[in-house]
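Commentary on secondary and tertiary structure
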Amino acid sequence: MLIRVRTNVGLWRIENLDTKTTKTSHVLEGIKKTRPNVVFEKPLSKDPSCSSPIEENKTLEEQKIGHGSMIYCRVDAGTCVETIGVSTDTGNGGQQNTETSQKNNLNINMKRTIMKDGSIQLVHDDTAATKNGFRPGMLALRDMKKSWTLAEFVHMDSQFSFKIKRQEEAWSKGCSLDSACCGGFQNYLREFNFSRQRFGYLYGSVDDDTMKVKVECIYEPPQEADPDSAEGFIALEDPNEEVVEELAEMLGLKRVGWIFGHPPREKGFQMTSSEILMAAELQLEAADGVEKTPFVTVKVSVGEDGNASFEAFQVSLQCMQMVAEEALEIGEKPGFCNVNDTFTAIQEGKNSKTIENNFFLMLVPIEQHQSNTFICQFPEANRDHGRGQTHDEMKRQLSKSGSQGWSFIDLLSDFQLLIYLCKHLDFATDMPKICTSIKNREIPLDEGYKIIIASMAGMDGSY
C-alpha cells in the first residue's frame, strides 16, 4: 500500500505498507527512514488544516484510509533534509557494519544549535548539504557509498533528470457536462463577478472504451475564499466526505474530475502552477499512481463578451511523474512551474529551472447534456452565500410533485437534496433503497419513505 503525506514542505510518498495492519506508527517509521530528524509541528491528520488527527490505536483501513490516500501534517522545515538509502558495499566485497553506517548517516551535515530553552541539539545544516551534496538537499556521493562505477553514477543521476516532452493527446476522448449543475456552479461565480475562486468534485460515469467522461453532479466541499493563497481558496475539513463518496457509489456514480472557477486571464494563460499541481495530484489519486486515467480538470471563467466558458484538460503522464517525485513546485510566475533544485529539467536541449504550464496540458473535447436521471434544483451544500439547505427548501422542491409533469421520485433525484437527506435518514438502511429507486425507475419507491420524507418537509395532502 502507498500513502501520500502532504506537508508544508512538499509531498512525501510512503510505500510498501501493509493494507491490513498499518497504523500511524508505521507511516512515521517510513518517514524516519529518509528524514531521520524530522520534527512534527502538527500530527498526521485527515484534513489539510490538521484539525482531525488520525487515531493512533486504529489501523488506517479502519479509518477508511487506503492505497493512494492523502494525509496531512506540518513539520519543521529545517529538520527535513532527506537521506537517500544506497548500498554500503565497500568495493572490496566486504560490507560496512549496518548500525555504524546508520549512525554515521544521522550525523552527516549536522550542527549544534542552542534551542529556545537553552538546550543544545543536533540539527541538519541545509547549507552543508547544498555545498557538498550529490545534488541540492542530498548527501555527498562518498557519504552514500565509498566507491562508484560509471554505470551506477549515470543510473542514479538519470533518476533526477527529466527531458520535457509534450504529450499530444489526452487519454479521455471527451467530457460531457450536465448543463443544470454547471449552470448552478457558474451562477455562484457570477454573484462575485468571477472574482472569488471556488472548486468542486465532478461525479459521473466513464466509457471504458473511449475514457469519455459524463458528468452528472458537482459536489463543492467546505472551503474558504482566500485571494492570498496560491489556489485562491483554502480547503477545509469535510465531515461528509465519506458519506458523499458512498452516496455517489449507491447512485452508480464515481468521482471523474474536478472543476474550478477563476477570474478572467490573459489569452493563452490557462492554469497556474498551483492548479497544475492540484490537477496532477488528483489524477495520481484517481489512477493509484503514475498511470493513464480518465480523470479530467474543468475550468470556468468569463470572457470579454460576458459569457461563461468551460474548458476541460488533463495533465500529462510526465507531469504526474514529476509531481509524484516532488520535482515540481509552485513558481513565482503564475504561468510556470519551478523545478526543485534536486532535479534537472531539460527543455529543448537546455537545462531549465522553470517549465511553462501549457507544456503539461492536453485539451479534452467538451460538450453539454441534460441528465436523464438527475435534476439540480436544491441549494448546493457548503455555500456561505445565497439559499441554504433547509426543510423549507425541501418542501419548496417536493411540493411540485404531481404538477408540471413532476413525480415525487423525479424531484427526489437531486444529488444535493440526497446529501441533505443523508443527515436525517438512516444512511445504512434507508439511503440504499432510495438510491435504487432513483437509478431504476421500474423499482417504485416504498410509500413509507414518501410519507417520512414528506412529513420532514412539512407537506400535507397528496404528493
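A few points on the structure. (Residues numbered from 1 in each chain as written. Predicted model: local features only at pLDDT ≥ 70, side-chain atom pairs only at ≥ 80, totals over all residues. Heavy atoms only, no water.)

**Describing the overall build of the protein**
Looking only at helices and strands, the protein has 14 helices and 22 strands in total. Residue burial in the protein is summarised as follows: out of 463 residues, 48% are buried. The long-range fraction of contacts in the protein, counting pairs at least 24 apart against all pairs at least 6 apart in sequence, stands at 65%. Element-wise, carbon and sulfur atoms account for 47% of the exposed surface of the protein, whose accessible area totals about 23,400 Å². (Helix = DSSP H or I, 4+ residues; strand = E, 2+ residues; numbered from the N terminus. Buried < 20%, exposed > 50% of the residue type's maximum accessible area, 1.4 Å probe, protein only. Contact = heavy atoms within 4.5 Å. Areas by Shrake-Rupley, 256 points an atom, 1.4 Å probe, with all protein chains shown as cover.)

**A word on the nonpolar core**
In this structure, Leu247, Met394, Leu412, Phe415, Leu421, Met431 and Ile434 are the most contacted members of the largest nonpolar core, which totals 101 residues. Element by element, the count of residues in this core is highest for helix H8 (residues 273-287), at eight residues. In this view, Leu421 contacts Met394, Leu412, Met431, Ile453 and Met456; residues no more than four positions away in its chain are not counted. If you look at the next biggest cluster of nonpolar residues, it comprises 17 residues, including Ile3, Trp12, Ile14 and Cys80. (Core = buried A, V, L, I, M, F, W, Y, C linked by side-chain atoms within 4.5 Å.)

**So, the packing of aromatic side chains**
Across all of its chains, the model carries eight aromatic pairs by this definition. Each ring, one from Tyr203 and one from Phe415, has its centre 5.8 Å from the other, and the planes form 40°; the classification is tilted. Taken together, the positions of Tyr203 in strand S9 (residues 198-206) and Phe415 in helix H12 (residues 415-421) put the pair 212 residues apart, joining distant regions of the chain. The pair Tyr203 / Phe415 is uniform in exposure class, with both members buried. The aromatic ring of Phe336 is capped on one face by Lys333, whose charged end is 5.8 Å from the ring centroid. (Phe/Tyr/Trp six-rings, centres within 6.5 Å; stacked < 30°, edge-to-face > 60°. Lys NZ or Arg CZ within 6 Å of the ring centre and 35° of its normal.)

**Observations regarding the environment of Glu61**
Assignment of secondary structure puts Glu61 in the loop between strand S3 (40-45) and strand S4 (70-75). Its relative accessible area of 35% is what places Glu61 among the partly exposed residues. In the structure, Glu61 is positioned 43 residues away from Asp18 in sequence and 9.8 Å away in space, judged by C-alpha atoms. When sequence neighbours within four positions are dropped, the list of residues in contact with Glu61 reads Thr19 and Lys20. Among the polar contacts listed, one links the side chain of Glu61 to the side chain of Lys20, at a separation of 3.3 Å. (Polar contact = N/O pair within 3.5 Å; in protein donor to acceptor, adjacent residues only side chain to side chain.)

**Here we look at unusual backbone geometry**
In this structure, Phe194 takes a positive phi of about 60° despite not being glycine. Tracing the backbone shows Phe194 in the loop between helix H6 (179-191) and S9. The phi torsion at Asn382 lies on the positive side, around 70°, for a residue other than glycine. As for its placement among the helices and strands, Asn382 is situated in the loop between strand S22 (366-369) and helix H10 (391-398). For Asn382, a relative accessible area of 29% gives the class partly exposed.

**Describing the state of the cysteines**
Inspection of the entire model under this criterion finds zero disulfides. Its sulfur unpaired, Cys73 is 6.4 Å from the next cysteine sulfur, which belongs to Cys50. Take Cys73: its relative accessible area is 3%, and that puts it in the buried class. Here Cys217 stays unpaired: no disulfide links it, and the sulfur of Cys181, its closest cysteine neighbor, is 6.5 Å away. (Disulfide = S-S within 2.5 Å.)

**Describing the sheet that holds strand S7 (residues 161-163)**
The strand order across the open sheet formed by three strands is S7-S18-S19, and the pairing between neighbours is mixed. The sheet is open, and its two edges are formed by S7 and strand S19 (350-352), each paired on a single side. Neighbour-to-neighbour, the strand axes of this sheet turn through a mean angle of 35°, independent of strand direction. As paired elements, S7 and strand S18 (residues 344-347) share three bridges and run parallel to each other. If you follow Phe162 over to S18, its bridge partner there is Ala345. (Pairing = 2+ DSSP bridges. Axes fitted to C-alpha atoms, helices over the stretch in contact; angles between N-to-C directions.)

**Examining the sheet that holds S22**
Strand order in the open sheet formed by eight strands is S21-S15-S14-S13-S9-S10-S8-S22, and the pairing between neighbours is mixed. The sheet is open, and its two borders are formed by strand S21 (361-364) and S22, each paired with just one other strand. Looking at each pair of strands side by side, their axes are set apart by 35° on average, direction ignored. Pairing geometry for S9 and strand S13 (residues 254-261), over seven bridges, is antiparallel. Bridging across to S13, Phe199 finds its partner in Phe260. Here helix H7 (residues 241-250) sits on the sheet in contact with S9, strand S10 (213-219) and S13, set at roughly 25° to S9.

**Describing a nonpolar patch on the surface**
Taken together, the side chains of Leu150, Phe153 and Val154 present a nonpolar region at the surface, about 290 Å² in accessible area. Here Leu150 shows up in helix H5 (residues 150-158). (Patch = residues over 30% accessible without salt bridge, like charges linked within 9 Å, V, L, I, M, F, W, Y side chains within 5 Å. Salt bridge = Lys/Arg side-chain N within 4 Å of Asp/Glu carboxyl O.)

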